[in-house]
Amino acid sequence: MKIFGIVDISTIDYPKMCSAVVFLSGCNMLCGYCHNYEHMLDNTRNIDMSPKEVFDKIDLIFADALVISGGEPTLQPEGVKELCKLAKNEGLAVKLDTNGTSVDIVKDIIDNKLIDYIALDVKCGFDKYEKIARYNGSIIKKNILEIINYCISNNVFIECRTTVVPDLMDKQDIVEIAKTVKDCNLYAIQQMDCHHSYTEEYQKMRHIKTDELMELGKIAEKYVGEDTSIIIRSNNEVFKVKTGK
Ligand code: SF4
């Protein structure tokens, strides 16, 4: 499998747990705000290793969980499955970050009881997907609904998350997204980090303020179910908007 990074200890990638994070190479979307796209194109950073070699390279001394991130990890399904198995054998909780393009692979990992937590990107209103993520919005909407339902019925924690693109998104995007993700366990609205964005267009965008994100959180609150929590993730803090039952 191909990876472009390992972080041995993170306190922000798995709620309430210290985790190690592995970043898998390759992605089938292209988001202007991506922090990792440049790294994925850098051949010196992308290394081919077996899942066992990757796992053995992680210093697990402080980690209670493994986060499999990217890129889009599901583009390397066998590697993801093997990493999940290795982590489970060590008694770690496992989280997968995904953009929602591979429903069958997510279902397979759930069916094999290899995953505890899925963080699913919901980029924007679905008619803007082509512009913001270079992917078909109707396909992704169907996938997102399927993944949420599958997680809920199999007791896998499902977080949906939206990074707000200041110049291209508005309240209407959040209304549409909140209606779609209304059954998830946690909905996170995230601040875009212009400075580390992939394209110049995004680097020049205005900085969205935490107050504006809180306002979007309040809008989302009207549409999600009573079990769903809502948080705002700014670049350095997390704010609670709603606690689910
Ligand atoms: S889906 Fe994630 S990894 Fe892929 S381009 Fe978008 S932000 Fe980057």
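Computed from a predicted model, the values in this text were never measured in an experiment.

**So, the UniProt feature "domain: Radical SAM core" (unreviewed entry) in the chain**
Sites flagged by UniProt as "domain: Radical SAM core" (unreviewed entry) map to residues 13-227. For residues 13-227, the end-to-end C-alpha separation is 22 Å, with 38% helix and 20% strand making up the annotated structure.

**Topic: the site of the ligand**
Within the structure, the ligand sits among Cys27, Met29, Leu30, Cys31, Cys34, Tyr37, Gly71, Asn99 and Lys123. A class-by-class count of the residues in the shell around the ligand yields six nonpolar, two polar and one charged.

**Digging into the packing of aromatic side chains**
This model, assessed by the stated rule, comprises six aromatic pairs. For the ring pair Phe126 and Tyr129, a centre distance of 5.8 Å and an interplane angle of 5 degrees mean the geometry is stacked. Among the residues examined, Phe126 registers a relative accessible area of 7% and is labelled buried. Following the ring pairs from residue to residue traces out a cluster consisting of Tyr14, Tyr117 and Phe157.

**A few points about helix 6 (residues 137-153)**
A turn of α-helix holds 3.6 residues, and therefore any two residues three or four places apart point the same way. With 17 residues, helix 6 should cover 24 Å at 1.5 Å per step; its first-to-last C-alpha distance of 24 Å lies within 8% of that length. For helix 6, the set of buried residues is Gly137, Ile140, Asn143, Ile144, Ile147, Ile148 and Cys151. Along the axis of helix 6, the buried positions cluster into a sector of 130 degrees, meaning they face one direction only. Exposed side chains of helix 6 directed beyond 90 degrees from the buried face belong to Ser138, Lys142 and Ser153. Its side-chain oxygen 2.9 Å from the backbone nitrogen of Ser138, Asn136 forms the N-cap of helix 6. Positive backbone phi, approximately 60 degrees, marks Asn155, located one or two places after helix 6.

**A closer look at the environment of Asp97**
The residue Asp97 is located in strand 5 (residues 93-98) in this model. Along the backbone, Asp97 and Cys160 are 63 residues apart, and their C-alpha atoms lie at a distance of 10.0 Å. Contact partners of Asp97, with chain neighbours within four places excluded, come to Val67, Ile68, Ser69, Glu72, Pro73, Ala119 and Arg161. Here the side chain of Asp97 touches Ser69 through a polar contact of 2.9 Å, side chain to side chain. Within the structure, the side chain of Asp97 is placed 3.0 Å from the side chain of Lys95, a separation counted as a polar contact.

**As for the environment of Glu237**
Here Glu237 is to be found in the loop between strand 9 (229-233) and strand 10 (238-242). The class of Glu237 is partly exposed, set by a relative accessible area of 45%. The spatial distance from the C-alpha of Glu237 to the C-alpha of Gly26 is 29 Å, given a sequence separation of 211 residues.

**Some thoughts on the sheet that holds strand 10**
Within the open sheet, the 10 strands sit side by side as 3-1-2-4-5-6-7-8-9-10. Their pairing is mixed. Edge positions in the sheet fall to strand 3 (47-48) and strand 10, since each has one partner strand and no second. Here strand 9 pairs with strand 10 via four bridges, running antiparallel. Each bridged residue has a counterpart across the sheet, and for Ile232 the counterpart in strand 10 is Phe239.

**As for unusual backbone geometry**
The step from Gly70 to Gly71 runs through a cis peptide bond, and the omega angle for that step is 15 degrees. Note on placement: Gly71 falls in the loop between strand 4 (65-70) and helix 3 (77-89). One non-glycine residue, Arg134, adopts positive backbone phi at about 55 degrees. The topology assignment puts Arg134 in the loop between helix 5 (129-133) and helix 6. Judged by its relative accessible area of 55%, Arg134 falls in the exposed class. Of note, the phi angle at Asn155 is positive, near 60 degrees, even though the residue is not glycine. Relative to the elements of secondary structure, Asn155 occurs in the loop between helix 6 and strand 7 (157-164).

**What about the packing of helix 4 (residues 103-111) against helix 6?**
As a packed pair, helix 4 and helix 6 sit with axes 10 Å apart at the nearest point and diverge in direction by 5 degrees. Put simply, helix 4 runs roughly parallel to helix 6. Of the residues in helix 6, those in contact with Val103, Val106, Lys107, Ile110 and Asp111 of helix 4 are Asn143, Glu146, Ile147, Tyr150 and Cys151. A breakdown of the residues in the contact of helix 4 with helix 6 according to their chemical character gives six nonpolar, one polar and three charged.

The rules behind these values
Residues numbered from 1 in each chain as written. Predicted model: local features only at pLDDT ≥ 70, side-chain atom pairs only at ≥ 80, totals over all residues. Heavy atoms only, no water. UniProt positions renumbered as here; feature names shortened; annotations may be inferred. Helix = DSSP H or I, 4+ residues; strand = E, 2+ residues; numbered from the N terminus. Near = heavy atom within 4 Å. Nonpolar A, V, L, I, M, F, W, Y, C, P; charged D, E, K, R; others polar. Phe/Tyr/Trp six-rings, centres within 6.5 Å; stacked < 30°, edge-to-face > 60°. Buried < 20%, exposed > 50% of the residue type's maximum accessible area, 1.4 Å probe, protein only. Expected span 1.5 Å × (residues − 1). Arc of directions from axis to C-beta. Polar contact = N/O pair within 3.5 Å; in protein donor to acceptor, adjacent residues only side chain to side chain. Contact = heavy atoms within 4.5 Å. Pairing = 2+ DSSP bridges. Axes fitted to C-alpha atoms, helices over the stretch in contact; angles between N-to-C directions. Parallel < 35°, antiparallel > 145°, perpendicular 65-115°, else oblique.

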